[in-house]
Amino acid sequence: MVLLPHALVPLRRSRSEVTTEVHVERGAWAAVGGVLSPGRVATGEVWAPDRLDSTTDLLVDGKLVVRDPVRAERHRAGSAGTGHLVSLLLTGPGDGALLAGVREVAAAVAGDAAGVSALDDDVLALRAVVGSQSAAAALLRAVVTAARPELAGWSWSRIGFGG
């Protein structure tokens, strides 16, 4: 299963809570991630929410394996941030062994802005802050196809995930 929705862009002064629960069976694999975008920064639009709480729960055989919370709040004393936050969880048998290769690919695409960790033998997590939605999409595509080479020719969405 691959779940990479289009970027979440919280509107100015909004207060939102987003919860995603992903259920997979042991032995299956999943790539679950997304991008928290501050708006159309290139056109000068930066939409700072009052508060956004987003939580992704990954359950394997009904057992919570990872809870990935993200909180974005409006800056009180200064300008809003303009980075695009990329989050990705990869889970499958032995995915922890992919750590070095996935780190290398993430670094090639996003440099020091990306970090990849093995949460256990079967789960990898990526976090990065990049400068644009297209950079976020390129990073997600590169990391997913590094972990799942069979998806290299997969027809990704034409909005934001071109390639």
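Everything below is about the structure printed above this text.
The text that follows walks through the structure, step by step, so that each part is easy to find. Fair warning: this is a prediction, and the values are worked out from it, not measured in the lab. Think of each chain on its own: its residues are numbered from 1, step by step along the sequence as written. Note on the predicted model: pLDDT of at least 70 is required for a residue's local features to be given, and 80 or more for side-chain atom pairs to be given and counted; whole-chain, interface and lining totals, by contrast, use all residues. As a rule here, side-chain values come from all non-hydrogen atoms in the structure, and water together with hydrogens is ignored.

## A look at helix H1 (residues 99-110)
Then comes step 1: Secondary structure elements follow DSSP: runs of H or I of four or more residues count as helices, runs of E of two or more count as strands, with numbering from the N terminus. Take the number of residues in a helix, subtract one, and multiply by 1.5 Å to get its expected span. Over its twelve residues, H1 extends 16 Å from the first C-alpha to the last, a length consistent with the 16 Å expected when each residue adds 1.5 Å.
Then comes step 2: Burial here depends on accessible area, computed with a 1.4 Å probe over protein chains only, as a share of the maximum for the residue type. Under 20% is buried, over 50% is exposed, and the range in between is partly exposed. Within H1, the full set of buried residues consists of Leu99, Val102, Ala106 and Ala110. Looking down the long axis of H1, one finds its buried residues gathered within 70° of arc, a one-sided arrangement. Away from its buried face, by an angle of more than 90 degrees, H1 presents the exposed residues Ala100, Glu104 and Ala108.
Then comes step 3: Between two residues, a contact is recorded if the distance between any of their heavy atoms is within 4.5 Å. Contacts made by the buried residues of H1 are with strand S7 (114-120), strand S8 (123-130) and helix H2 (133-147).
Then comes step 4: Following H1 by one or two positions, Gly111 adopts a phi angle in the positive range, close to 60°. As used here, the arc belongs to the directions running from the helix axis to the C-beta atoms.

## Quick word on the nonpolar core
Then comes step 1: Only buried residues count toward a nonpolar core, which is a set of Ala, Val, Leu, Ile, Met, Phe, Trp, Tyr and Cys residues joined through side-chain atoms within 4.5 Å. By size, the foremost hydrophobic cluster in this structure holds 24 residues, and its most contacted members are Val86, Leu88, Leu126, Leu139 and Val143.
Then comes step 2: Those elements that place two or more of their residues in this core are strand S3 (30-36), strand S6 (84-91), H1, S7, S8 and H2.
Then comes step 3: Counting residues per element, this core draws most heavily on H2, which supplies six residues.
Then comes step 4: Look past the residues within four positions of Leu139 in its chain and what remains in contact with it is Val86, Ala106, Val109, Ala110, Leu126, Ala128 and Val130.
Then comes step 5: Ranked by size, the runner-up nonpolar core spans ten residues in total, among them Val24, Ala30, Val32 and Leu58.

## Brief notes about the pairing of S7
Then comes step 1: When DSSP finds at least two bridges between two strands, those strands are taken to pair. One ladder, built from six bridges, connects S7 with S8; its direction is antiparallel. Following the sheet pairing, Ser117 is matched in S8 by Ala125.
Then comes step 2: Once S7 ends, the chain turns through two residues before running back antiparallel as S8.

## Some thoughts on the environment of Arg127
Then comes step 1: If you trace the backbone, Arg127 turns up in strand S8.
Then comes step 2: Residue classification places Arg127 among the partly exposed residues on the basis of a relative accessible area of 30%.
Then comes step 3: Taking the C-alpha atoms as reference points, Arg127 and Leu88, separated by 39 residues in sequence, lie 6.7 Å from one another.
Then comes step 4: Setting aside residues no more than four positions away along its own chain, Arg127 makes contact with Asp68, Pro69, Val70, Leu85, Val86, Ser87, Ala113, Ala114 and Gly115.
Then comes step 5: A 3.5 Å cut-off defines polar contacts: any pair of N or O atoms within that distance qualifies, except that in protein one atom must be a possible hydrogen donor and the other a possible acceptor, and neighbouring residues in sequence count only when both atoms are side-chain atoms. There is a polar contact of 2.8 Å between the side chain of Arg127 and the side chain of Asp68.
Then comes step 6: At 3.3 Å, the side chain of Arg127 forms a polar contact with the backbone oxygen of Pro69.

## Quick look at the sheet that holds strand S5 (residues 63-73)
Then comes step 1: Pairing in this open sheet of three strands is mixed, and the strands run S2-S4-S5 from one edge to the other. The open sheet terminates on both sides in strands that have one partner only, identified here as strand S2 (15-24) and S5. Each strand axis lies, on average, 10° off the axis of its neighbour in the sheet, ignoring direction.
Then comes step 2: Pairing geometry for S2 and strand S4 (residues 51-60), over ten bridges, is parallel. Looking at the pairing, Thr20 lines up with Thr56 of S4. Every angle, taken between N-to-C directions, lies between 0 and 180 degrees, and every axis is a line fitted to C-alpha atoms, over only the stretch in contact when it is a helix.

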